[in-house]
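Here is what each chain is made of, one letter per residue.
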Amino acid sequence: MNKGYLIAHVTVSDPAAYAEYARAAGEVIKEFNPKIIVWSGQYENLEGEAHERHVVFEFASFAEAKRFYESPGYQAARSLRAGAATGTFVLVEGASL
């Protein structure tokens, strides 16, 4: 079974409100225990829209990554992000080489 990846590119506009989202999302993340591949750090935007934060989580499968994103706990946390940040979130299935 291929791994599943949640990739987020985010620009924060309200740090205080985003901190509430991050706290709530962090609690849900603990329940699913993904491997953290990327958590911000140095980056260089080569093409497309730039964002200031980048996160990549590795889950056991695409279905598990989707289950996390669609979980009631994450959706409640996600509602706290509305108006505090803009960005792009994608789920990607890992390659089987």
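Note that the coordinates shown come from a computational prediction; the quantities given were computed from them, not determined experimentally.

Thresholds, definitions, all that
- Residues numbered from 1 in each chain as written.
- Predicted model: local features only at pLDDT ≥ 70, side-chain atom pairs only at ≥ 80, totals over all residues.
- Heavy atoms only, no water.
- Helix = DSSP H or I, 4+ residues; strand = E, 2+ residues; numbered from the N terminus.
- Buried < 20%, exposed > 50% of the residue type's maximum accessible area, 1.4 Å probe, protein only.
- Contact = heavy atoms within 4.5 Å.
- Polar contact = N/O pair within 3.5 Å; in protein donor to acceptor, adjacent residues only side chain to side chain.
- Pairing = 2+ DSSP bridges.
- Axes fitted to C-alpha atoms, helices over the stretch in contact; angles between N-to-C directions.
- Parallel < 35°, antiparallel > 145°, perpendicular 65-115°, else oblique.
- Nonpolar A, V, L, I, M, F, W, Y, C, P; charged D, E, K, R; others polar.
- Phe/Tyr/Trp six-rings, centres within 6.5 Å; stacked < 30°, edge-to-face > 60°.

J.: Explain the environment of Ala8 here, please?
T.: With respect to the secondary-structure elements, Ala8 resides in strand β1 (residues 4-12). Ala8 sits in the buried class, given a relative accessible area of 8%. Separated by 77 residues in the primary sequence, Ala8 and Ala85 have C-alpha atoms spaced 12 Å apart. With near-sequence residues (within four places) excluded, Ala8 lies in contact with Arg53, His54, Val55, Thr88 and Phe89.

J.: Teacher, can you tell me more about the side chain of His54 here?
T.: Position of His54 relative to the elements: it lies in strand β3 (residues 53-59). In terms of polar contacts, His54 uses its side chain to reach the side chain of His9, at 2.8 Å. In contact with His54, other than residues within four places in its own chain, are Ala8, His9, Val38, Trp39, Ser40 and Tyr43.

J.: Looking at this structure, I do not really get the pairing of β1. What am I missing?
T.: For a regular strand, side-chain orientation follows a simple rule: the groups alternate between the two sheet faces. Burial of β1 is one-sided: the residues Gly4, Leu6, Ala8, Val10 and Val12 facing one way are buried, the residues Tyr5, Ile7, His9 and Thr11 facing the other way are not. Pairing analysis gives 7 bridges linking β1 to β3, with the strands arranged antiparallel. Among the inter-strand pairings, Ile7 is bridged to a residue of β3, identified as Val56. Examined bridge by bridge, β1 and strand β4 (residues 85-93) share 9 bridges and lie antiparallel to one another. Looking at the pairing, Leu6 lines up with Leu91 of β4.

J.: I'm lost on the environment of Val38 in this one. Help?
T.: Tracing the backbone shows Val38 in strand β2 (residues 35-39). Owing to a relative accessible area of 30%, Val38 belongs among the partly exposed residues under this scheme. In the structure, Val38 is positioned 20 residues away from Glu58 in sequence and 9.4 Å away in space, judged by C-alpha atoms. Apart from the residues within four sequence positions on either side, Val38 is in contact with His54, Val55 and Val56.

J.: What exactly am I supposed to notice about the packing of helix α1 (residues 15-32) against helix α3 (residues 72-81) here?
T.: For any two helices packed against each other, one specifies the crossing angle of their axes together with the interaxial distance. The geometry of α1 relative to α3 is characterised by a closest axis approach of 8 Å and an angle of 170° between their N-to-C directions. Here α3 runs roughly antiparallel to α1, going by the angle between their axes. Contacts from Ala17, Tyr18, Glu20, Tyr21, Ala24, Ala25 and Val28 of α1 reach α3 at Gly73, Tyr74, Ala77, Arg78, Leu80 and Arg81. Here the residues of the contact of α1 with α3 sort into 9 nonpolar, 1 polar and 3 charged.

J.: Quick question: what am I supposed to make of the packing of aromatic side chains here?
T.: Each pair of aromatic rings is reported with the distance of its centres and the angle of its planes. Within this structure, the stated rule accounts for 7 aromatic pairs. Aromatic side chains Phe68 and Tyr74 sit 4.8 Å apart centroid to centroid with 40° between the ring planes, which places their arrangement in the tilted category. Given a relative accessible area of 2%, Tyr74 falls into the buried group. Ring-pair connections join several aromatic residues into one group, and the members of that group are Tyr18, Tyr21, Phe32, Phe59, Phe68, Tyr69 and Tyr74.

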